[in-house]
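Survey of secondary and tertiary structure
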Amino acid sequence: MNKFFLFISLFLISISSVSAGSFVYPLDQIAKPACRFSNWNTLDSGCKMPIPHISGADYAKYKNNTEYRRIYSVLWGSTYDYGWDVGYGSHEWVDIATAQGTPVLSIGEGVVINAGWQAGWGNVISIKHTLSDGKLIFSDYAHLSKILVTKGGIVHAGDIIGEVGNIGNSYGNHLHFQIDTTDQSHPYYYVTCGKWKDPIAVVNQGLCRDWLTANTIDPIAFLENGTITTTAAVQVLQDKSKTAPKIEQKSIKTREQILEEEIGEFFKDHSLSVSLGIPGNNIEVGRTYTAQIHVNYRNRPFTGSLPAEWLVLSYDKSGVKLFPDTIIAIENGVRDFQITGVKSGKHGISFKIGKLVFLSTSVNVYKKSEMTSPEQGIILQNTSIVLGDEKLSAVVFRTKYASNQIDIPYNGRYIIKSLTGKAKFCNVSNRQIRKCATSELVEELEFGYEDTYRGVLLANILPFDYMPISLVIVKKDTNKTLAKSPTDILITNPKGIDKTYIYFTETISALKQGLMKPNSGYILQDRDLIGKQAKELIQNTLAHLFLKAGNDQVKKQQIFMKMKDFEVRIKTIDDYKKISRSEFAGLVVEIIDGSPIINADKKWLDETGEYKDMMTTLRIRYNFTWKDQFAERYFQGDKSITVGESMYMIERIL
């Protein structure tokens, strides 16, 4: 029974006073410097490496090694400005740079005495280690992204206790690692000496060095001296650190120079862009907009932290407000930030990492009352258009900041028209981009904000003669000119037609009247007409006659009824079936003429069959003949009609 209680007592003692054995580095693997911006779990094996050791804590040996300088960013007893100027500063720890999420190891056996958030340190873990003679030392791990142990837990050398982060007063992913030799605080920091002083100034000016050497120990020297098991061994290291030779600053690159190198290396494989997502960069006073930073790593979305002191957004705080104005981490290639308009005006924003400004832009902060009456605009147009074809143009008004007035409502009515050349317009702003019906074409197109798409007028232009077109935008009530064409629009003939074509004159006349529109700039006059084209010709001809009727309401009503009748007839026409001469004659006479001649006066030898009266009507009423050697005797009704011939027939009856 007594033996049992003795065993329990010894077991409890072993839990409360865990002895230290061999000590290990707090990191086993780290990210290679060029890869450390990405998260650990996104790195492949080629981006990971064993942590390089500083053999014997011989800092002078490695001070000019670029890779070591980037990994051991700040050493014990150095300054922030010169990370390797050992003996000049009051930095009581070592900072080891690596990717966020890199596993952090306990350096030895011990009891977790802190595991949580502390001001300045972020997420921090402190572990108590007991040496063989009862001496206590404390290892500290700060700025962690994750804590994987709990207070009171027992850990062993090499156990994963957390993950590297960038939390608290930290500039870039790194592990803050230090070893305390007294029990004043964990992690130890200058409580009295550093009070009311700038921590950076304390370190850079080498202040509080007595407190540094009295309460901490050089962590690299500790790890590089093998197994330290006694108070005396710890004291030897502390005494040695007081008299350690200094490394001259003049032979060491500054922290700023190292950061510039790091930024340069970052941009070899990473690309950054900014998407404000704000039309015209126009921001209304008092309104908040969401913009985005995009970062890619080797053309793939980047997840990780940005180099140096991150991405800083510099701007005129009196005009706009940005939140956040410092971007640290990027997730899946994107980071949102917000822009709020504060005061009217044009305000600059610059995006920089370190000293590198990779983008400068400006935003226009406005009040709605300032934008109700546009004073200028621009016309976006083609330099040339095929006769009878339609081309999309756009009208955009400009703000007083010379930006496009998109999504900013304005008052008034405006007109787009041609000062030279015969052209018509139709509004396609609020519908899918399309061809216009002949019936909706107008010579002067009136519009207001409600007739546009987000403030932009989208209008088709259709030319009806060869004179170059010069466009103008005027305000309706004042006739004030707000915009003019940057250049005249030149009018060209369709492709696939030439002046030697037998029906050239009639084809051009039909195009000028809008009876048929070129397809992708082509009119293939010798191509057989198909049902789809026949429908278009008849519909456009009826629309042309309707507009030509002017104020004659009786004639307009008659044409309107013909349009309704054709809507029924159109269903029987196969879009892709070739149309014969006699079939097209039937459509033209029945729908457009409306009163075929019915008699026995036949002169064409083939003036017979289903469409004989339609052919007779063409011959007698319109003196119609084909332009070929058989014109006086044959209609040749079974022959497929070509595109050019169909426009010739239409032209003869108009």
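Because the structure is predicted, anything quoted here is derived from the model rather than measured.

Procedures and definitions
Counting of residues starts from 1 at the beginning of each chain's written sequence and follows it residue by residue. In view of the model being predicted, local features appear only for residues whose pLDDT reaches at least 70, and side-chain atom pairs are presented and counted only at 80 or more, with totals across whole chains, interfaces and linings using the full set of residues. Heavy atoms throughout the structure, all of them, feed into the side-chain values; hydrogens and water do not. For two strands to pair, DSSP has to find at least two bridges joining them. Secondary structure is summarised from DSSP: a helix means a run of H or I of at least four residues, a strand means a run of E of at least two, and numbering begins at the N terminus for each. Only the contacting stretch of a helix is used when fitting its axis, a line to C-alpha atoms as for every element, and angles between N-to-C directions run 0 to 180 degrees. In this text, buried Ala, Val, Leu, Ile, Met, Phe, Trp, Tyr and Cys residues form a nonpolar core when linked through side-chain atoms within 4.5 Å. Each residue gets one of three labels from its accessible area relative to the maximum for its type: buried under 20%, exposed over 50%, partly exposed in between, using a 1.4 Å probe on protein chains only. Every residue pair with non-hydrogen atoms within 4.5 Å of one another is taken to be in contact. Two cysteine sulfurs form what is called a disulfide whenever their separation falls within 2.5 Å. The working definition used for a salt bridge is a side-chain nitrogen of Lys or Arg within 4 Å of a carboxyl oxygen of Asp or Glu.

Turning next to the sheet that holds strand 30 (residues 444-447). Taken in spatial order, the four strands line up as 30-28-32-33 in an open sheet, and their pairing is antiparallel. In this open sheet, the two edge strands, each paired with only one partner strand, are strand 30 and strand 33 (481-484). Strand-to-strand twist of the sheet, defined as the mean angle between neighbouring strand axes without regard to direction, takes the value 25 degrees.

Moving on, we come to the nonpolar core. Ile538, Phe584, Leu618, Phe635 and Met649 are the most contacted members of the largest nonpolar core, which totals 67 residues. If one sorts the elements of this core by residue count, helix 12 (residues 581-593) sits on top with seven residues. Leaving out residues up to four positions away in the same chain, Met649 has contacts with Arg581, Phe584, Ala585, Val588, Leu618, Phe624, Trp626, Phe635 and Ile641. If you look at the next biggest cluster of nonpolar residues, it comprises 44 residues, including Val112, Tyr141, Ile161 and Ile247.

All right, on to the sheet that holds strand 20 (residues 326-327) then. Ordered in space as 14-24-23-18-20, the five strands form an open sheet in which the pairing is mixed. Among the strands making up the open sheet, the edge pair consists of strand 14 (282-284) and strand 20. When strand 18 (residues 311-315) meets strand 20, the two strands line up antiparallel, connected through two bridges. Its bridge partner being in strand 20, Leu311 is matched across the sheet by Ile327.

Under the criterion given, the structure shown has three disulfides. Across a sulfur-sulfur distance of 1.8 Å, Cys193 and Cys208 are joined as a disulfide pair. On the sign convention where negative is left-handed, the bridge of Cys193 and Cys208, at about -85 degrees about the S-S bond, is left-handed. With Cys193 in the loop between strand 11 (174-180) and helix 4 (199-204) and Cys208 in the loop between helix 4 and helix 5 (209-215), the pair connects residues that are 15 residues apart, well separated along the chain. Covalently, Cys426 is tied to Cys436 through a disulfide, its sulfur atoms 1.5 Å apart. Taken together, the residues Cys426 in strand 29 (residues 423-427) and Cys436 in the loop between strand 29 and strand 30 connect sequence positions 10 residues apart.

All right, on to the pattern of salt bridges then. Applying the stated criterion to the full structure yields 29 salt bridges. It is possible to trace a salt-bridge network through shared partners that takes in Arg413, Glu446, Glu450, Asp451 and Lys476.

Coordinates in, geometry out; function isn't part of it.
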